[in-house]
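# Results of the structural survey
Here is what each chain is made of, one letter per residue.
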Protein chains: 2
Amino acid sequence: MDKKYHHGELKIQLIKSGLQMIQEDGINKLSLRRLAQMCNVSEAAPYSHFKNKEELLVAIQEYVTEQLQRCLQDAYEKTEHCNSPIAILNMGKAYVQFFIKYPEYYSFLFAQPYLKIDLSMDNEPNAFEPFQYYKEKTYTIYKNEGFDEERIKYGIIAMWAKVHGIAAIASMQGVNRDFEWEDVLDKILVE
Amino acid sequence: MDKKYHHGELKIQLIKSGLQMIQEDGINKLSLRRLAQMCNVSEAAPYSHFKNKEELLVAIQEYVTEQLQRCLQDAYEKTEHCNSPIAILNMGKAYVQFFIKYPEYYSFLFAQPYLKIDLSMDNEPNAFEPFQYYKEKTYTIYKNEGFDEERIKYGIIAMWAKVHGIAAIASMQGVNRDFEWEDVLDKILVE
DNA sequence: TGCTAAACTTAACAGTGTTAAGATTGGAGG
DNA sequence: CCTCCAATCTTAACACTGTTAAGTTTAGCA
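Residues numbered from 1 in each chain as written. Chains lettered and ligands numbered in written order. Predicted model: local features only at pLDDT ≥ 70, side-chain atom pairs only at ≥ 80, totals over all residues. Heavy atoms only, no water.

### As for the overall build of chain A
For clarity, the cut-off: Helical segments are the DSSP runs of H or I of at least four residues, strand segments are the runs of E of at least two, and each set is numbered from the N terminus. Exposed residues in this analysis have more than 50% of their type's maximum accessible area, buried residues have under 20%, and partly exposed residues fall in between, with area computed by a 1.4 Å probe over protein chains only. By definition, residues are in contact when any of their heavy atoms lie within 4.5 Å. Where accessible areas are quoted, they stem from the Shrake-Rupley method and a 1.4 Å probe; at the residue level, only the protein chains shown are allowed to cover. The charge count treats Lys and Arg as positive and Asp and Glu as negative. His and the chain ends do not count. Positions of charges follow a simple convention, taking NZ of Lys, CZ of Arg, CG of Asp or CD of Glu.
Tallying secondary structure elements over chain A gives eight helices and zero strands in all. The dimensions of chain A, computed from C-alpha atoms along their principal axes, are 65 × 40 × 30 Å. Looking at the 191 residues of chain A, the share that counts as buried comes to 51%. For chain A, restricting intrachain contacts to residue pairs at least 6 apart in sequence, the fraction spanning at least 24 positions comes to 60%. Carbon together with sulfur atoms contributes 47% to the accessible area of chain A, which is approximately 10000 Å² in total. If the 22 positive side-chain charges of chain A are averaged to one point and the 28 negative ones to another, these points end up 5 Å apart.

Here's what the structure looks like:
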């Protein structure tokens, strides 16, 4: 039954179970020992795959970031004419809906100090990917609309701030859970 | 020198020193024992003033919230004609600048699950005060401008989302520290 | 002055992250 | 097929954490 020395899939299982614990109890109650126990493994086993707890958290963060990235990409690619501003709106909606669906993910992702947000138009390799993706797509769309560089720059930041701000508010505990975010998003993001 | 049983000011000293530790090392490294040690007091002394760690964190949160509230109020009251939309802009700027000044405060305030954000126009007594204040002032200003209820409602949320989103981004680690937030705020918040 | 309740200390408990030392194992090379 | 090694996992310990119980000090009121 519980074969000792279970092999091959502990690393990804730690990431997935860790994320599940975060989703259920919040980041503060994530314990390496409980996590190891949940994976039917000794308390020191995680250290074969991660140097320390922080490295595991970074791995989970990357895992979540990929999910979020995929949501944005889907939203973009499923837009009829993906070079129209509608695509920007859809990416924004996808971003917010991601954190409405998983409220615990927001504070986990952004309260940890491991993310790099690159506001410039350079392509920093290690920066937060969903924002990089959004930035690139929005740039070409705005360019397509004939906006000048200055307006593009501020347009990107303004839109991202709105989207991120709504995500922050929506993911907060104690916020009205039955709030009609769909309407708000439509009205706010189109400006 | 180090008189035993130091009286009368331990509670506020715990809050202030705790906040200082958060500011220096982040919320994750705040330890009750180190904090007690820093206040020249035994490890169990804080429990005379707070039921547990969480209650101390709530107290610190209230302390920070008051500071932020005062910033908003100052910004509002120092505006020439405080019934003009300029006052809204100034409150927004004050909000963002608060978190640019104290980047650690953002994740401390909003990653903890103790805050209640009330998006309705009711006056929830226990809701996050700075937002309540902003909401009230903005309401009368928009009303003064002749906006209808629907537009006011979404206007308030839209503006707050932008402001809060910028604060979130600005307070992030790894974000360009020399970014010219003043310009961005002027361009974004006026729309 | 004496008493009481609040404020503090000491000592202990369980739980945490982390490391060192050793046990087990899959799989590559002879 | 066997051997051996590096990767993986275990056990045992360490220092640190939040928290509680029981006892000590002290300010301030009767």
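### Focus: unusual backbone geometry
With the exception of glycine, the majority of residues adopt a negative phi angle, and the majority of peptide bonds are in the trans configuration. The residue N40 of chain A is not glycine, and still its phi comes out positive at about 55°. N40 of chain A sits in the exposed class, given a relative accessible area of 64%.

### Re the side chain of T65 of chain B
Residue and element names in this part refer to chain B. Looking at the secondary structure, you find T65 in helix α3 (residues 53–77). For T65, a relative accessible area of 10% gives the class buried. Aside from chain neighbours lying at most four places away, what touches T65 is L109, F128 and P130.

### What to know about the layout of surface pockets
The line we're drawing: Buried and open spaces are told apart on a 1 Å grid over the protein atoms alone, a cavity being a set of points where a 1.4 Å probe fits but cannot get out and a pocket being an open set with protein on both sides within 12 Å along at least five of seven lines. Residues with an atom within 4 Å of a point are the lining residues. Grid points are joined across faces, edges and corners, and a volume is the space filled by probe spheres set on the points.
Of the pockets and cavities examined, the largest pocket occupies roughly 1300 Å³. Forming the boundary of the largest pocket are 48 residues, of which I27 and N28 of chain A together with I27, N28 and Q112 of chain B lie nearest the centre. Elements supplying a minimum of two residues to the lining of the largest pocket: α3 (53–77), α5 (103–111) and α7 (149–171) of chain A together with α3, α5 (103–111) and α7 (149–171) of chain B. Of all the elements, α5 of chain B adds the most residues to the lining of the largest pocket, at seven residues.

### Describing the packing of α3 of chain A against helix α6 (residues 129–144) of chain A
Residues and elements named next belong to chain A. We apply this condition: For helices, the fitted line uses only the C-alpha atoms of the stretch in contact; every axis is such a line through C-alpha atoms, and the angle between N-to-C directions lies from 0 to 180 degrees. Note on angle classes: values under 35 degrees are labelled roughly parallel, values over 145 roughly antiparallel, values of 65 to 115 roughly perpendicular, and the remainder oblique.
Put simply, α3 and α6 touch, their axes get as near as 8 Å, and they point 20° apart. The angle between the axes of α3 and α6 places the two elements in the roughly parallel class. Where α3 approaches α6, its residues T65, L68, Q69, L72, Q73, Y76 and E77 are matched on the opposing element by E129, P130, Y133, K137 and I141.

### Overview of the environment of V64 of chain A
Residue and element names in this part refer to chain A. Within the element layout of this structure, V64 appears in helix α3. On the basis of relative accessible area, V64 is assigned to the buried category, the value being 0%. In contact with V64, not counting residues within four places along its chain, are L19, F98, Y105, F108 and L109.

### Description of the packing of α3 of chain A against α5 of chain A
Each pair of packed helices can be summarised by the angle the axes make with each other and by the distance between the axes. All names here are of chain A. Filter applied, for reference: Crossings are classed by handedness, with left-handed meaning an anticlockwise turn of the near helix from the far one by less than a right angle and right-handed meaning a clockwise turn.
Running from amino to carboxyl end, α3 crosses α5 at an angle of 125°, the nearest separation of the two axes being 10 Å. Compared by their axis directions, α3 and α5 come out oblique. The way α3 lies across α5 gives a crossing that is left-handed. Taken together, the residues of α5 that come into contact with α3 (itself represented by L57, I60, Q61, V64, T65, Q67 and L68) are Y105, F108 and L109.

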